[in-house]
Structures are given as C-alpha cells and as structure tokens.
Amino acid sequence: MTLHEIAEKQIALGEMRGAPAADPVNVPMIRHWLAAMGDENPRYLKEGVAPPAMAQVWTMGHRGASPVDEVLRALDADGYTGVVATNCEHTYHRDVRVGEVLTPSTRFSSLAGPKRTALGEGYFATWNVTWYAGDEPVVEMLFRVLKFRPPAKKEPRQPYPLKPAINRDTAFFWDGVREGELRIQRCASCGALRHPPGPMCLACHSTDRDHVVASGFGEVYSYVVHHNPPVPGRETPFVVAVVELPEGVRIVGNIVDCPVDAVGIGMSLRVTYRAMDDELILPMWAPRGDVT
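Numbering of residues starts from 1 in every chain and runs along the sequence as written. Predicted model: local features are reported for residues with pLDDT of at least 70 only, side-chain atom pairs are reported and counted for 80 or more only, and whole-chain, interface and lining totals are derived from all residues. To obtain the side-chain values, all non-hydrogen atoms of the structure were used and water was disregarded.

A word on the confidence of the model for the protein chain
Detailed reading of the predicted coordinates is not advisable wherever pLDDT is low.
Then, in step 1: One number per residue, pLDDT, summarises how confident the predictor is, and it ranges from 0 to 100. For the protein chain, the average pLDDT comes to 92, and 97% of its residues sit at 70 or higher.
Then, in step 2: Of all the helices and strands in the protein chain, strand 1 (residues 16–17) carries the lowest mean pLDDT, 92, while strand 8 (residues 183–187) carries the highest, 97. Secondary structure elements follow DSSP: runs of H or I no shorter than four residues count as helices, runs of E no shorter than two count as strands, and numbering proceeds from the N terminus.

Structure, rendered in structure tokens:
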C-alpha cells in the first residue's frame, strides 16, 4: 500500500474520539500557565476560565486512538524520519471553564508530496484536533508537519597529512581561505605587500600590518612537475607553480583542472579552493580559459 493510499484510508475514518483528560480544567494549572507565559491578565482566575491557548495542555499524553499514527508510522518506515512542525492554527468557540473535562477528537486531513524542501524530500501531513466539553466543541486546531528524509550522512574524510603551519603571522591568510578570499599581507606603515606573510616589513621594518584581498588572478612565473617521491594524500604527477599576482607578489600553489603537459610559463590562472579533508581548504590555481 502506498503512502497516499494509507493516508486516504485514514482520512476515510473521519473524526476519532480520544481519551478524556486525566484532570478537569483547574485553577492551579491555569496559575502555573500564566506564570510561565508571563500573562498578567486577571480575567482568567477572576472568571474561572482557562487561557484559550491552553487547550492542548489538558489532554497531552491522553489523546488515545488517532488516525494520524498509522500515517506517521508509514512515513517513518519509508525513510521519512525527520520531522518539523510548519503550521499550528487555533479556532476558539468559547472559553473553557474550570471544572470541565475536555476530550480530544482527531481527524486526518491530507498528505501532500513528495516535495523537495531545503531539509530534503518530504511529505506535508495535516490533521485537525477538536476539543469537546461534553458534546460541545470548544477549541479546534489545525496542525501540519513536514516529514522529510534526512540526507545521508557523509563519511568523514581521512585527515590530509600535510597541514600548513598556522600562527599569528599566517592566521589571517587561512581565515581568508575559509571565506573564499586570497588575502595578502600589507605593511600598515608604508603599504608594501608581502608574501609569505611575516612579522616585520622588509621595506620599512615596521611591525604594524593589515591585509588586502587579491583579485584572485595570476600567471605562471615558474613551475615543476612532481613525479617522485610519493606525497601522502596526493596522486602524481602534479604541478607546483610559482604564481605571479597582478598585485606584485608571488605565491606557490598547485595547478589543477589542467593536463600536466599543457602548463606553461605565462599561463593565465584563477584561484580556486579545494577541501582536502573536513577541516583544511587549500587555495589552488586553474587555467582561466579552456586548455586541452
């Protein structure tokens, strides 16, 4: 039986009465609710009526049979185990009075889906609950949830063995990489750029520093093709290049998305960022145009 067939079967059952509340509407519970919600309206205790939004409180854990359960079980069995509430709409017919015993009655209304959502593929299940005082309906609630299939958990990557050294001089650079920025250290006194970053300006010897964000473009100044020895976490051969940036500094990085024998001096490049494991991202370089 499909999920929609199960839902239609439950819809056809109509309204199903649940178990009456274990306790009648009472002043102590109303007082606790008002204190918890910060509601200072004196009307409820003075007139002996419950705040309307308390309707569900009186029968929580005592709703008995429900046409909703079979639909939710079927969704769980089909892998739609995630759940998030999307709608809760109340309709109040009259005040609920102290001493009344409420009984919930549930009707399954609809199952919509499958639908693609930000949480994953899922179904929207909607049902209505009516609370009765005797045979008189006093409160109605429409409730809708999204039952979604959680995305498969990714296996953690093996840690990349070649970790860069990160210290007070280089932390700004790696912070930038995580944000998709190629940051170049700048002397805050004379404005000279330098890479690799360091503690002191080579031009004016100032220790004041900040950074600029590079354009992300460059060209091959020089390069080597690495064949041996083997490098942990990498497949050979691969290209290691000195890339000259238009900002006037040079940076070392791998060239990717390009055949090894297509790399040449002066090749125009753009920066790209590659996750090496679950923590480390490295800036690398790819050709700006098509390369064969």
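Digging into the sheet that holds strand 10 (residues 209–213)
In any sheet, the strands associate via hydrogen bonds between backbone groups, in a parallel or an antiparallel arrangement.
Then, in step 1: Strands are labelled as partners when DSSP assigns at least two bridges between them. Reading across the sheet, the 3 strands line up as 9-8-10 and stay open at both edges, with antiparallel pairing between neighbours. Each edge of the open sheet is held by one strand with a lone partner, namely strand 9 (193–194) and strand 10.

Quick look at helix 1 (residues 3–12)
Then, in step 1: We call a residue buried when its accessible area falls under 20% of the maximum for its residue type, exposed when it is over 50%, and partly exposed in between, using a 1.4 Å probe and counting protein chains only. Within helix 1, burial applies to Leu3, Ile6, Ala7 and Gln10. Down the axis of helix 1, the sector holding all buried residues measures 100 degrees, keeping them to one side. More than 90 degrees from the buried face of helix 1, the exposed residues found are Glu8 and Ala12.
Then, in step 2: Here the buried face of helix 1 lies against helix 4 (68–77), strand 5 (102–117) and strand 6 (120–133).
Then, in step 3: One or two positions beyond helix 1, positive phi appears at Gly14, with a value near 70 degrees. Directions are taken from the helix axis to each C-beta atom, and the arc is the one they span. By definition, residues are in contact when any of their heavy atoms lie within 4.5 Å.

A closer look at the packing of aromatic side chains
Any pair of aromatic rings gets described here by the distance separating the centres and the angle formed by the planes.
Then, in step 1: Pairing of aromatic side chains requires ring centres within 6.5 Å, counting the rings of Phe and Tyr and the six-membered ring of Trp. Pairs whose planes differ by under 30 degrees are stacked, by over 60 edge-to-face, and all others tilted. Applying the stated criterion across every chain, the model contains 3 aromatic pairs.
Then, in step 2: Ring centres of Trp127 and Phe143 lie 5.5 Å apart, and the angle between their planes is 55 degrees; on these two criteria the pair is classed as tilted. One end of the pair, Trp127, is in strand 6; the other, Phe143, is in strand 7 (residues 136–148), with 16 residues separating them in the sequence.
Then, in step 3: Residue classification places Trp127 among the buried positions, given a relative accessible area of 11%.

Considerations on the pattern of salt bridges
Then, in step 1: For salt bridges, the criterion is a side-chain nitrogen of Lys or Arg within 4 Å of an Asp or Glu carboxyl oxygen. Enumeration over the complete set of coordinates arrives at 16 salt bridges.
Then, in step 2: Here Lys147 and Asp76 are joined by a salt bridge, their closest N and O atoms 2.5 Å apart. Highlighted residues: Lys147 in strand 7 and Asp76 in helix 4, separated in sequence by 71 residues.
Then, in step 3: Take Lys147: its relative accessible area is 6%, and that puts it in the buried class.
Then, in step 4: A residue is classified by how much of its surface remains accessible, and Asp76, at 36% relative accessible area, is partly exposed.

Side note on the pairing of strand 12 (residues 238–244)
Then, in step 1: Where strand 11 (residues 217–226) lies against strand 12, 7 bridges are found, and the strand directions are antiparallel. Following the sheet pairing, His226 is matched in strand 12 by Phe238.
Then, in step 2: As paired elements, strand 12 and strand 13 (residues 250–255) share 6 bridges and run antiparallel to each other. Bridge pairing in strand 13 places Val243 opposite Ile251.
Then, in step 3: Hairpin connection, strand 12 to strand 13: the antiparallel pair is bridged by 5 residues, and Gly248 has positive phi, about 105 degrees.

Things to note about the nonpolar core
Then, in step 1: In this description, a nonpolar core means a group of buried Ala, Val, Leu, Ile, Met, Phe, Trp, Tyr and Cys residues linked to one another through side-chain atoms lying within 4.5 Å. Core analysis: the biggest nonpolar cluster contains 32 residues, and Ile30, Trp58, Leu102, Phe108, Leu111 and Trp131 have the highest contact counts within it.
Then, in step 2: Mapped onto this core, the elements with two or more residues apiece are helix 1, helix 2 (27–37), strand 2 (49–50), helix 4, strand 5, strand 6 and strand 7.
Then, in step 3: Among the elements that take part in this core, strand 6 stands out by supplying 6 residues, more than any other.
Then, in step 4: In this structure, Leu102 is in contact with Pro20, Ala21, Val25, Ala55, Trp58, Thr59, Val96, Trp131, Tyr132, Ala133 and Val138, ignoring residues within four places of it in sequence.
Then, in step 5: Core analysis: the next-biggest nonpolar cluster, separate from the first, contains 28 residues, Phe172, Ala241, Val249 and Val263 among them.

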